[in-house]
Amino acid sequence: MERKRVLVTGFGLVCPLGYNSDTILQKLSQQEHGFMILPEFANFKTSTVSVGTRIPGFSTESSHSEDWSNPGGRKYRKEVLRGLNPHVYYALQATEEALISSGLQREDIAEDDSTGLFTASAGSTSSLYQNLEQMHRDGVRRTNPLGVASSVTGTLSYNLGAYFKITGSSCGFASACASSAHALGFGFDTIALGRQKRILVVSGEDGDLNAVLPFAGMHALSTADDPDEASLPFDQRRKGFVGSGGAVTMILEEADTALQRGAPIFGEVLGWGQASDGYSPVIPHPEGRGILRSMQLALASASRCRDDIDYINAHATGTPVGDIAEGKAIAELLGERSTEVPVSSTKALTGHPLSMAGAMEVVLSLQAARAGFTPGTANLLQVDPKLPSLFLPRENLDKTPKCILSNSSGFGGANVSLVVEPHA
Amino acid sequence: MFSDRLEEELRRCPEGTREALIAFLENGNSSDFETFARGILVRNIDEDYHDVLLSGSDDLRFMEDLGVDSLSMIEIAINFEDALGIALIDDELKEMRTLGEVKEHLLKRYQEKNSPSAKKSKTP
C-alpha cells in the first residue's frame, strides 16, 4: 500500500515566548528569551534555583480553575473548567489557535471519525498534590470527583477529547521529554497508513513549581541567578536546564484531504525514527547511542540521507551530560558534514518544557524556516570544548532550511527524531 | 464558624447564601433554607441555567433542566453535607430527580440529626 503524505496544516503554541504565532516568531527572530526570577523558586526551602518561566497573558495561580483567565478572554462552561489543570487550560487555547490557523471550525472535527487526538503530558503534579492533600485532610468522600481526571497522565486526552468531541483515535504518550515527539511520530504513522485523515497532536506542561522544582533534586536545573545566562545549551558555562511549560497543538493531515479543502500548508512530516539507550533510567548514554540510531532511522524513514540535512534542532537542554552525548551522536551522523550543517537548541530561549519539547521545536523550526532563517543558539559564547567539532551558530542564520531534523530525548533513554520539510 | 473549605464555597455563592445558612441553622426557618439551598445550587451549575433555577419551581429536574450530571451532584452533595453537618447516602441521592425531592431529603436528614433521640444517642 502506498504511504500517504502527511502535511502540517495548522499549529498553535502557548509558551514562555508568548501565546500567538507572530509574537513568538518575533522573539525567536530577535533571540529574546522568556526567563525570569521566580520568587517561589528562589525562596523555596534549600532551593538553589531561582530562574523559571511564566506563560504570558494567562493567570492560573488560583487553586480554583474558575478564577483563571486567558489572553483571548475565552470563557468555558463549569463542567469543562472543573476537570482542568493549568496545561490543559493552555492546550485549549493552543488547539483553538491551531484550528483557526488551519481554517477549520470546531464543527469540522467534532464527531468526525477520521479525526484523532494524540496527546503528551506528564500530568499535573500541582493538581495531583492539591487533590491528594484534600483527600488526606478531608477524607475520600470529600475528594474532588474530578481529582483523578484532572491530574494523571492522560488528562489532556480526557479533557480535550470531550471538549472537541473527538471520535477518532485517541491516545496519550508517556516517554517523558520525548513524549510529544512520539505523538508526532505515531500521528504520522497513523495517517501514512490510512487509518485516520487528521490527527491533532497536543502536548502541554504546567511548568510551575510542582512540575519543575522536583528536577532540582537530581541537580538537573540551572542554578544561574541571571535570567539572561540561565539556559546555555552547548556552552561550557551551562549548569542545567530551565524548566518551562505551556501547550502546543499541531494539526497533521493527509495530503489529499488537506489539498481538497484548500488548507494552508506549513510543512510536511517526511518520516521519523525512534531508538532507546538501554542504559540508565535518567542519564543519557554517554556516546549518544540511542539518539544516533533514532536519527539514522528517521532519515531512512524519510528517504533522506545526511547530505540532505539543512538544519538540526537539537534536544540539548543545557545539562552537562546530555548536550555532550547528543553532540557526539550528531557528529557521527554528519561525518564530514559536521562542520557545515547548523545545529542549535531553541531551548536557549524557551527553556525545556519537558514532554512538549518535540512538537514545540518542530513548530519553531517550521516558523523560522518559513520566515527565512535558521535558528541559532542564543547566548552560546563558550562552546564546550568536550563537544566534537560541530557548526553551532550563536546568531540566527539568514538561510532557509529545506530539510530539518528535530531531536527529542527522554528519561529511560527514549529518543525520537523527526524529519520535516517547511512549506512557504 | 465553618470549615475553611465551606467558607470558600460560600464565598463563591450568591450574596446572602452564607447569612441564610447561619439563620437556618439558628432558627430552622424554611425561607432561609430555600435561599441557602438555591445559593449552593447556583454556585454549582452552569451560568446558562441560573435564570431557570432562580425562577423555576421545585419540579425542576437536575439533569434535564439544570444540566447537573452525576459528578456535579457529588460536589453539590459535599456542599450540603458540610453546611448542614449531615451524611447523605449515595443510593438515596441517585433516586432523586427533582429539586423538590432533594430539598425534602436534606431537611429530613437535618431534622433526624437534630431530633432529641439523635442528640441523646450521641451523649456519652
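As the structure is a computational prediction, the values presented were derived from the model and not from experiment. (Residues numbered from 1 in each chain as written. Chains lettered and ligands numbered in written order. Predicted model: local features only at pLDDT ≥ 70, side-chain atom pairs only at ≥ 80, totals over all residues.)

> What should I look at first to understand the overall build of chain A in this one?
Looking only at helices and strands, chain A features 14 helices and 12 strands. The C-alpha atoms of chain A give a radius of gyration of 20 Å, which matches the 22 Å a tight globule of 424 residues would have. Across its three principal axes, chain A shows a C-alpha extent of roughly 65 × 55 × 40 Å. Looking at chain A alone, contacts between residues at least 24 apart form 79% of all its contacts between residues at least 6 apart. (Helix = DSSP H or I, 4+ residues; strand = E, 2+ residues; numbered from the N terminus. Rg over C-alpha atoms; globule rule 2.2 N^0.38 Å. Contact = placed C-beta atoms within 7 Å.)

> I would appreciate a short explanation of the overall build of chain B in the present structure.
If you tally the helices and strands in chain B, you get nine helices and zero strands. Listing the helices and strands of chain B from first to last along the sequence gives α-α-α-α-α-α-α-α-α.

> Help me out: how do you make sense of unusual backbone geometry in this one?
Residues apart from glycine generally show negative phi values, whereas peptide bonds are mostly found in trans. Residues and elements named next belong to chain A. Positive phi outside glycine occurs at His 219, with the angle close to 55 degrees. Looking at the element boundaries, His 219 is found in the loop between helix 9 (209-212) and strand 7 (246-254). The backbone of Leu 354 sits at a positive phi, close to 55 degrees, despite the residue not being glycine. Counting through the fold element by element, Leu 354 comes out in the loop between helix 13 (347-350) and helix 14 (357-370).

> Is there a simple way to explain helix 3 (residues 30-44) of chain B in this structure?
Note on helix geometry: an α-helix contains 3.6 residues per turn, so any two residues three or four positions apart are oriented the same way. Residues and elements named next belong to chain B. Given a rise of 1.5 Å per residue, 15 residues ought to cover 21 Å, and the 21 Å separating the end C-alpha atoms of helix 3 matches this to within 8%. Taken as a whole, helix 3 has its buried residues at Phe 33, Phe 36, Ala 37, Arg 38, Gly 39, Ile 40, Leu 41 and Asn 44. On its buried side, helix 3 packs onto helix 2 (17-27), helix 4 (50-55), helix 6 (70-84) and helix 8 (99-114). (Expected span 1.5 Å × (residues − 1). Buried ≥ 20, exposed ≤ 12 C-beta atoms within 10 Å, placed from the backbone.)

> Help me understand the sheet that holds strand 8 (residues 267-276) of chain A in this model?
Pairing between sheet strands relies on hydrogen bonds along the backbone, with the strands arranged either parallel or antiparallel. Residue and element names in this part refer to chain A. Here we have 10 strands laid out as an open sheet, ordered 5-4-6-7-1-8-12-11-9-10, and mixed in their pairing. With one partner strand each, in any of the chains shown, strand 5 (170-173) and strand 10 (343-344) form the two edges of the open sheet. Pairing analysis gives six bridges linking strand 4 (residues 115-120) to strand 6 (residues 198-205), with the strands arranged parallel. What sits directly across from Thr 119, in strand 6, is Val 202. Across the sheet, helix 7 (residues 155-163) touches strand 4, strand 5 and strand 6, and the angle it forms with strand 4 is around 150 degrees. Sitting on the sheet, helix 11 (residues 289-301) touches strand 8, strand 11 (404-410) and strand 12 (414-422), and the angle it makes with strand 8 is about 145 degrees. (Pairing = 2+ DSSP bridges. Axes fitted to C-alpha atoms, helices over the stretch in contact; angles between N-to-C directions.)

> Just to check I follow, could you spell out the packing of helix 8 (residues 179-192) of chain A against helix 14 of chain A for this structure?
The description of two helices packed together rests on the angle between their axes and the distance between the axes. All names here are of chain A. Packing of helix 8 against helix 14 leaves a shortest axis separation of 5 Å and a crossing angle of 70 degrees. In terms of axis orientation, helix 8 runs roughly perpendicular to helix 14. Packed against helix 8, whose contacting residues are Ser 180, Ala 181, Ala 183 and Leu 184, the element helix 14 presents Ala 357, Gly 358, Ala 359 and Val 362 at the interface. Taken together, the residues of the contact of helix 8 with helix 14 break down into six nonpolar, two polar and no charged. (Parallel < 35°, antiparallel > 145°, perpendicular 65-115°, else oblique. Nonpolar A, V, L, I, M, F, W, Y, C, P; charged D, E, K, R; others polar.)

Fair warning: the whole summary comes from geometry, so function is off the table for now.
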